[in-house]
Amino acid sequence: MNDTPLIVHLIYRLDFGGLESLMVERINRMPAERYRHAVVCLTDYNPAFAQKITRAGVTIHALHKQPGLSLATHAALWRLLRELRPAVLHSYNLSAIEYAPVALAAGVPVRVNGAHGRDADDPEGKNRKHNLLRRLMVPFYHCCYANSAAMEDWNRDIIGVPARKSRMLANGIDAERFRPRAHGEAIVASAQPFGPGHVVIGTVGRIQAVKDHATLVEAFALLRQRLPRHTALLRLAIVGDGPLLQRLRDRVAALELTDVVWLPGARTDVADILRGFDIFAMSSIAEGTPGSALEAMATALPVVGTRVGGIPEVIANGSTGFLVPPSDAAALAAALEQYVLSPELAAQHGAAGRERVLRKYSMAAMVAAYQDMYDSLCERKIKTKKGAVPSCVE
């Protein structure tokens, strides 16, 4: 029997995405002698993405949850947790928050929930039903952390997470993998269809409502109108898959931009793709700590992002990029224009962005912070067992 504590990561679906990628990085990088890991998917997983887990011994389980309450999923999770006997249940976001009571009933001693962003249908966190569920679940968790200061404040002020259960755990970036293109280094041919001399504005993220890619497409169309002399050089890349991909392709076609906008879907070579960009853009209407923006900054790209959620914590306005209001195509186009007209400014802000990532958002620091959370919570439970035992619902 392996006495190394097991962490069960409970996620809605294991597939290409920022949250999922960083979870996998932590699993791969956390010292094997300290914790074992298993991933439980409420619905299912993408086998291609699952291959990114390189740590030996990590098991993946799919519960194939049906839409709605699906009480059978609660029962299936209880049986699985009784079999796995984890030390920690780590659930992610609203989609998995309701399963803490199941973990308690299954005897899981430590329960953690992470707020890595809000639901796509409720980007501002105003849905009363969702927030009631969040409040009802707080007593069943020992820690409810957030990945941005803005989200942590919202957790405390709106959801009522007490200070003793609250943490802010910033995302981390692999600055060796996500690096600038070296002088004279060619763009990997398979990474994009554009040729040398083009000015490529790009973004990476799941194609869903909360990312508001439609506004980015509108901004790109406006930018072409504002800079007629640059029209032949301007290109847009939107990398990622999601429920709105076909609708976005239809909008691009309606604007007659198909020849200058690249929508390849999900890709596994994001680091190479980023090195082919000149400017990175984020049009989200809500965000936690934007991992894609940090990856772009590590690649020494200037970033234009919306002033929402954790984006202003990452982008230093006027220093590593520009901040604009959400859902404002004209403002986004105007900010992008500054970089198109001044490659020197773009290079200056890109270099400052990489330095900021190296200083504040290292991968090692992120992994250490999560391990410290697990360590402190597990040690607290061990001490509790040796002394007076309080209620497991705190």
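Residues numbered from 1 in each chain as written. Predicted model: local features only at pLDDT ≥ 70, side-chain atom pairs only at ≥ 80, totals over all residues. Heavy atoms only, no water.

An unreviewed UniProt entry lists the protein chain under the name TIGR03088 family PEP-CTERM/XrtA system glycosyltransferase, from [Empedobacter] haloabium.

(A) Summary view of helix α9 (residues 245-254). What α9 keeps buried is the set L245, L248 and V252. Taken down its axis, α9 places every buried residue within 60° of arc, on the same side. Away from its buried face, by an angle of more than 90 degrees, α9 presents the exposed residues R247 and A254. On its buried face, α9 sits against α8 (213-226), β9 (234-239) and β10 (261-265). Trailing α9 by a residue or two, E256 shows a phi angle of about 60°, which is positive. (Buried < 20%, exposed > 50% of the residue type's maximum accessible area, 1.4 Å probe, protein only. Helix = DSSP H or I, 4+ residues; strand = E, 2+ residues; numbered from the N terminus. Arc of directions from axis to C-beta. Contact = heavy atoms within 4.5 Å.)

(B) Main features of the sheet that holds strand β12 (residues 303-306). On the basis of which strands lie adjacent, the open sheet formed by six strands has the order β10-β9-β8-β11-β12-β13 and parallel pairing. Both edges of this open sheet fall to β10 and β13 (321-324), since each of them pairs with a single strand only. Sheet twist, expressed as the average angle between the axes of neighbouring strands with direction ignored, equals 20°. Relative to strand β11 (residues 279-282), strand β8 (residues 199-204) is paired through two bridges, and the arrangement is parallel. The partner of G202 across the bridge, within β11, is F280. (Pairing = 2+ DSSP bridges. Axes fitted to C-alpha atoms, helices over the stretch in contact; angles between N-to-C directions.)

(C) Expanded view of the sheet that holds strand β5 (residues 110-115). Strand order across the open sheet formed by seven strands is β3-β2-β1-β4-β5-β6-β7, with parallel pairing between neighbours. A single partner strand is all that each edge strand has here, and the edge strands are β3 (59-62) and β7 (166-168). When strand polarity is set aside, the average angle formed by the axes of neighbouring strands in this sheet is 20°. When strand β2 (residues 36-41) meets β3, the two strands line up parallel, connected through four bridges. Counterpart to A38 in the pairing with β3 is T59.

(D) Focus on empty space enclosed by the protein. Summed over the entire model, instances satisfying the criterion amount to three cavities of 30 Å³ or more. Around the largest cavity, the lining is made up of 15 residues, and of these I97, N113, A115, R134 and N155 lie nearest the centre. Where the lining of the largest cavity is concerned, the elements lending two or more residues are α4 (93-96), β5 and α7 (149-159). The dominant element in the lining of the largest cavity, judged by the number of residues it contributes, is α7, at four residues. Residues that form the lining of the largest cavity fall into these classes: nine nonpolar, four polar and two charged. (1 Å grid on protein atoms, 1.4 Å probe; cavity = no way out; pocket = protein on both sides within 12 Å on 5 of 7 lines; lining within 4 Å. Points joined across faces, edges and corners; volume = space filled by probe spheres on them. Nonpolar A, V, L, I, M, F, W, Y, C, P; charged D, E, K, R; others polar.)

(E) Focus on the pattern of salt bridges. On inspection of all chains with the given rule, the structure shows 13 salt bridges. Ionic pairing is found between E287 and K211, a salt bridge with its closest N-O pair at 2.5 Å. Taken as a pair, E287 in the loop between β11 and α11 (291-298) and K211 in the loop between β8 and α8 lie far apart in primary sequence, 76 residues in all. Residue E287 is classed as buried on the basis of its relative accessible area of 11%. Overall, the relative accessible area of 18% leaves K211 in the buried class. (Salt bridge = Lys/Arg side-chain N within 4 Å of Asp/Glu carboxyl O.)

(F) The arrangement of the side chain of S292 in detail. The residue S292 is located in helix α11 in this model. Taking the relative accessible area as the measure of exposure, S292 reaches 14% and is therefore buried. Setting aside residues up to four positions removed in sequence, S292 forms contacts with V204, F280 and M282.

(G) Structural context of the UniProt feature "domain: Glycosyl transferase family" (unreviewed entry) in the protein chain. Under the local residue numbering, the UniProt record ascribes the feature "domain: Glycosyl transferase family" (unreviewed entry) to residues 199-356. Secondary structure across residues 199-356 divides into 43% helix and 18% strand, with the first and last C-alpha atoms of the span separated by 24 Å. (UniProt positions renumbered as here; feature names shortened; annotations may be inferred.)

(H) Geometry of unusual backbone geometry. The backbone of A300 shows a phi angle near 70°, a positive value even though the residue is not glycine. Relative to the helices and strands, A300 resides in the loop between α11 and β12. Overall, the relative accessible area of 22% leaves A300 in the partly exposed class. In this model, S327 sits at a positive phi of 55°, which is unusual for a non-glycine residue. Along the polypeptide, S327 turns up in the loop between β13 and α13 (329-341).

(I) Focus on the packing of aromatic side chains. With the rule as written, the count across this model stands at five aromatic pairs. Measuring from ring centre to ring centre gives 5.7 Å for Y35 and Y374, while their planes differ by 65°; the resulting arrangement is edge-to-face. Taken together, the residues span a long stretch of sequence, with Y35 in the loop between α1 (18-29) and β2 and Y374 in helix α15 (residues 363-386) at a distance of 339 residues. The exposure class assigned to Y35 is buried, which follows from its relative accessible area of 2%. (Phe/Tyr/Trp six-rings, centres within 6.5 Å; stacked < 30°, edge-to-face > 60°.)

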